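The chain contents come next:
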Amino acid sequence: MSLLPSLTGIVVELGAAGRLVACTEYCDPGRDLPRVAWDGARGAEAILRLKPDLVLKQAGRKADDPLRDTLRAAGVAVVAVPSETMADVRGAITAVGEALGRREAAGAFLKRFDADLEAAREGVRGRPAPTVLFVFHRDPGKVANVMGAGPGTFLDELIRFAGGRNALEGFTTPYPQVRLEDLVRIKPEVIVDNLASEEDPASAWAAFAEAGVPAVVEGRIRVVRDNALLIPGPHLPRSVARMVELIHGG
């Protein structure tokens, strides 16, 4: 059983999708499966009813992990792995391969994974690194309550790996609120706008042309409506390629 979309993806990539008995509603196992909650007491009850031999989950930032402890106390093996950085993805591939007895498949997948990563970023070597503002969230239809991807986040790492420079690198929190005056001050050269709606972002950002924000003046507002870009997982080489396209225009 997998409790994280990226771990479900790894299981599928290692050719072990048939061993999955359940996953979360956010996972894509490639077939119909029972869905369970991510965490908490209700999640533990639902998991135990399905009688898995192994549960794959994300490691918490704290040592205390009630769900892990509850499952282990009931005799269920739990593999909890970090899932926040590119290095975590590689570690998760190895850990899942070990847990499933598919070490060779994991090694082969890692070779393809690393080769695809290098191919994805090959075209940006030696090119200027534009400043990139990744808008993780804002109010629909307007530039208000803007939350950006700051330093130390997976998206920060993804921007840098794709040949950009995070416009929020001077901020001190992972997902800071970005005020309107901050937008004018940092002058991002590319804005990647993560939208859940079908709105036209150009109209929302138009007012910032007068303030000389380069991304708006030069029409370099890119739209993302695919949550896969936000999650570190086995699709990472495709995410890098997509970020390269967003930042550098293909």
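Residues numbered from 1 in each chain as written. Predicted model: local features only at pLDDT ≥ 70, side-chain atom pairs only at ≥ 80, totals over all residues. Heavy atoms only, no water.

Trainee: Looking at this structure, how should I read helix H6 (residues 154-161)?
Mentor: Because an α-helix packs 3.6 residues into every turn, residues spaced three or four apart end up facing the same way. Of all 8 residues in H6, 6 are buried, a share of seventy percent or more. Among the residues of H6, those classed as buried are Phe154, Leu155, Asp156, Leu158, Ile159 and Phe161. In this structure, the buried residues of H6 make contact with helix H4 (86-99), helix H5 (103-121), strand E3 (131-137), strand E5 (165-166) and helix H10 (236-248). Within two residues after H6, Gly163 carries a phi angle of roughly 85 degrees, on the positive side. (Buried < 20%, exposed > 50% of the residue type's maximum accessible area, 1.4 Å probe, protein only. Helix = DSSP H or I, 4+ residues; strand = E, 2+ residues; numbered from the N terminus. Contact = heavy atoms within 4.5 Å.)

Trainee: Help me out: how do you make sense of the packing of H6 against H10 in this one?
Mentor: The axes of two packed helices give the description: the angle between them and the distance between them. Two numbers describe how H6 lies on H10: the axes approach to 9 Å, and their chain directions differ by 65 degrees. Comparing their axes, H10 and H6 come out roughly perpendicular. Relative to H10, H6 is oriented so that their crossing is right-handed. Side by side, H6 and H10 meet where Phe154, Leu158, Ile159 and Phe161 of the first sit next to Leu236, Ser239, Val240, Met243 and Ile247 of the second. (Axes fitted to C-alpha atoms, helices over the stretch in contact; angles between N-to-C directions. Parallel < 35°, antiparallel > 145°, perpendicular 65-115°, else oblique. Left-handed = near helix turned anticlockwise from the far one by under 90°.)

Trainee: What exactly am I supposed to notice about the packing of aromatic side chains here?
Mentor: Tallying each qualifying case throughout the model produces 3 aromatic pairs. Geometrically, the ring pair formed by Phe109 and Phe113 is tilted, given 6.1 Å between the ring centres and 55 degrees between the ring planes. You can see Phe109 and its partner Phe113 sitting in helix H5, 4 residues apart, about one turn around the helix. Exposure remark for Phe113: the relative accessible area of 2% places this residue in the buried category. Seen in terms of ring centroids, Phe136 and Tyr175 are 5.0 Å apart; in terms of plane orientation they differ by 45 degrees. Their pairing is tilted. Highlighted residues: Phe136 in strand E3 and Tyr175 in the loop between E5 and strand E6 (177-178), separated in sequence by 39 residues. Taking relative accessible area as the criterion, Phe136 reaches 28% and is therefore assigned partly exposed. On the accessibility criterion, Tyr175 (36% relative accessible area) is partly exposed. The lysine or arginine in question, Arg121, covers the ring of Phe161, its NZ or CZ lying 3.9 Å from the ring centre. (Phe/Tyr/Trp six-rings, centres within 6.5 Å; stacked < 30°, edge-to-face > 60°. Lys NZ or Arg CZ within 6 Å of the ring centre and 35° of its normal.)

Trainee: So what exactly am I meant to see when it comes to helix H3 (residues 66-73) here?
Mentor: Of all the positions in H3, only Leu67, Arg68 and Leu71 are classed as buried. Along H3, the residues classed as buried sweep out an arc of 100 degrees about the axis, all on the same side. Exposed positions of H3 whose direction lies more than 90 degrees from the buried face are Pro66 and Ala73. Among the residues trailing H3, Gly75 stands out with phi positive, at a value near 90 degrees. (Arc of directions from axis to C-beta.)

Trainee: Please explain the nonpolar core as it appears in this structure.
Mentor: Within soluble globular proteins, side chains that are nonpolar tend to cluster in buried spots. Counting 46 residues, the largest nonpolar core has Phe134, Leu158, Leu236, Val240 and Met243 as the members making the most contacts within it. Secondary-structure elements contributing two or more residues to this core are helix H1 (5-13), strand E1 (54-58), H4, H5, E3, H6, strand E7 (190-194) and H10. Those residues within four positions of Met243 in sequence are excluded, and the remaining contacts are Phe134, Leu158, Ile159, Ala162 and Leu229. In this structure, Leu168, Val178, Leu183 and Ala204 belong to the second largest nonpolar core, which totals 18 residues. (Core = buried A, V, L, I, M, F, W, Y, C linked by side-chain atoms within 4.5 Å.)

Trainee: Honestly, the side chain of Asn194 in this entry has me stumped. Any pointers?
Mentor: Considering the arrangement of structural elements, one finds Asn194 in strand E7. Engagement of the side chain of Asn194 in a polar contact is seen with the backbone oxygen of Phe136, the distance being 3.0 Å. Aside from chain neighbours lying at most four places away, what touches Asn194 is Phe134, Val135, Phe136, Val224, Asn227 and Leu230. (Polar contact = N/O pair within 3.5 Å; in protein donor to acceptor, adjacent residues only side chain to side chain.)

Trainee: Looking at this model, I keep getting lost on the packing of H5 against H10. Mind explaining?
Mentor: The contact between H5 and H10 brings their axes to 8 Å, and the two run at 0 degrees. Overall, the two elements H5 and H10 adopt an arrangement that is roughly parallel. On H10, the residues touching Phe113, Asp116, Leu117, Ala120 and Arg121 of H5 are Leu236, Pro237, Val240, Ala241 and Val244. Class assignment of the residues belonging to the contact of H5 with H10 gives a composition of 8 nonpolar, no polar and 2 charged. (Nonpolar A, V, L, I, M, F, W, Y, C, P; charged D, E, K, R; others polar.)

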